[in-house]
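Topology and contacts: notes
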Amino acid sequence: LTTCIRLRTEALELHPAGHPSRASALENLARALKTRHALSGSSDDLTTCVLLPSEAVVLRPTGHPGRASALEDLAWALGERYKRSSSLDDLTTCIQLRTEALELRPTGHPDRASALEGLAWALDCRYDLSRSLPDLERSIQLYTEGLALYPHDHPDRDNCRRSLDRAHRKQS
């Protein structure tokens, strides 16, 4: 992983501002740092995981085929930062990004299930803060739709099912 991050850092340095592949280099490094953050919990990695996709989103404007991935990378990083800080601003931005990303993952898109689950999680978190029933209801709807799209042997299916179960328990 360390070698991967070093190589992706070097690749980013070879793609300065204005280079047509800079967004891809930013995303690749951010994803490697995401993995290291998941293993180590490094706050420096998380900070960089916010900064790199932020630039990538700017470089992938509306209509760009890679925009949804850039939005989801940034939303993930803000969601992780929210878990640490409970920053409502991070959660609100995460919801906005995930909403836009979901719109770019229409019915039939292979990544729609994970986009549904990501937005459901963010709305579920906001419900925990605000007790806004529409957030919980929408979260349950999105988890349900995502669960239906995951194949039975998909590794994320059980997590989505457990999240849906927890959301249903909040209704009572």
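Quick caveat: nothing in here was measured; it's all calculated off a predicted structure.

1. With respect to the overall build of the protein
Check the secondary structure of the protein and you find eight helices and zero strands. Traced from its N-terminal end to its C-terminal end, the protein shows the element sequence α-α-α-α-α-α-α-α. Against the compact-globule benchmark of 16 Å for 172 residues, the protein has a radius of gyration of 17 Å, which places it among compact chains. Each of the three principal axes of the protein carries a C-alpha extent, and together these read 55 × 35 × 30 Å. Buried positions account for 42% of the 172 residues belonging to the protein.

2. Section: the packing of aromatic side chains
A complete count under the given rule lists zero aromatic pairs for this structure. Directly above the ring of Trp-76 sits Lys-34, whose terminal nitrogen or CZ lies 4.8 Å from the centroid.

3. Focus: the side chain of Glu-27
In this fold, Glu-27 is placed in helix 2 (residues 22-40). Relative accessible area serves as the criterion here: at 6%, Glu-27 is assigned to the buried category.

4. Description of the packing of helix 6 (residues 112-130) against helix 7 (residues 133-149)
Helix packing geometry: the angle between the two helix axes and the distance between the axes. Following both chains from N to C, one finds helix 6 and helix 7 inclined at 155 degrees, their axes separated by 8 Å at the closest point. On the basis of their axis angle, the class for helix 6 and helix 7 is roughly antiparallel. The crossing of helix 6 and helix 7 is left-handed. Listed contacts from helix 7 to Arg-112, Ala-113, Leu-116, Glu-117, Leu-119, Ala-120, Trp-121, Leu-123, Asp-124, Arg-126, Tyr-127 and Ser-130 of helix 6 are Leu-133, Asp-135, Leu-136, Arg-138, Ser-139, Leu-142, Tyr-143, Glu-145, Gly-146 and Leu-149. Broken down by class, the residue content of the contact of helix 6 with helix 7 amounts to twelve nonpolar, three polar and seven charged.

5. Re the pattern of salt bridges
Across all of its chains, the model carries 17 salt bridges by this definition. For Glu-27, the salt bridge identified is with Arg-60, shortest N-O distance 3.1 Å. With Glu-27 in helix 2 and Arg-60 in the loop between helix 3 (43-59) and helix 4 (67-85), the pair connects residues that are 33 residues apart, well separated along the chain. Notably, a salt bridge pairs Asp-73 with Arg-31, separated by 2.9 Å at the nearest N-O pair. One end of the pair, Asp-73, is in helix 4; the other, Arg-31, is in helix 2, with 42 residues separating them in the sequence. The exposure class of Asp-73 is buried, given its relative accessible area of 14%.

6. Describing the environment of Arg-157
The residue Arg-157 is located in helix 8 (residues 157-171) in this model. Since its relative accessible area comes to 18%, Arg-157 is described here as buried. A C-alpha to C-alpha distance of 21 Å links Arg-157 and Ile-95, two positions 62 residues apart in sequence. Apart from residues no more than four positions distant in its own chain, Arg-157 is found in contact with Leu-147, Tyr-150, Pro-151 and His-152.

7. Describing the packing of helix 1 (residues 2-13) against helix 2
Running from N to C, helix 1 and helix 2 cross one another at 160 degrees; their axes reach a closest spacing of 9 Å. The orientation of helix 1 relative to helix 2 falls into the category roughly antiparallel. By crossing handedness, the relation of helix 1 to helix 2 is classed as left-handed. Here Cys-4, Ile-5, Arg-8, Thr-9, Ala-11 and Leu-12 of helix 1 lie close against helix 2, whose contacting residues are Arg-22, Ala-25, Leu-26, Asn-28, Leu-29, Ala-32, Leu-33 and Arg-36. Of the residues that constitute the contact of helix 1 with helix 2, the class distribution is nine nonpolar, two polar and three charged.

8. Quick word on helix 5 (residues 88-103)
Counted at 1.5 Å a residue, the expected span for helix 5 with its 16 residues is 22 Å, and the 23 Å between its end C-alpha atoms agrees. What helix 5 keeps buried is the set Asp-90, Leu-91, Cys-94, Ile-95, Leu-97, Arg-98, Ala-101 and Leu-102. Looking at the packing, one finds that the buried side of helix 5 touches helix 4, helix 6 and helix 7.

Reading the values: the criteria
- Residues numbered from 1 in each chain as written.
- Predicted model: local features only at pLDDT ≥ 70, side-chain atom pairs only at ≥ 80, totals over all residues.
- Heavy atoms only, no water.
- Helix = DSSP H or I, 4+ residues; strand = E, 2+ residues; numbered from the N terminus.
- Rg over C-alpha atoms; globule rule 2.2 N^0.38 Å.
- Buried < 20%, exposed > 50% of the residue type's maximum accessible area, 1.4 Å probe, protein only.
- Phe/Tyr/Trp six-rings, centres within 6.5 Å; stacked < 30°, edge-to-face > 60°.
- Lys NZ or Arg CZ within 6 Å of the ring centre and 35° of its normal.
- Axes fitted to C-alpha atoms, helices over the stretch in contact; angles between N-to-C directions.
- Parallel < 35°, antiparallel > 145°, perpendicular 65-115°, else oblique.
- Left-handed = near helix turned anticlockwise from the far one by under 90°.
- Contact = heavy atoms within 4.5 Å.
- Nonpolar A, V, L, I, M, F, W, Y, C, P; charged D, E, K, R; others polar.
- Salt bridge = Lys/Arg side-chain N within 4 Å of Asp/Glu carboxyl O.
- Expected span 1.5 Å × (residues − 1).

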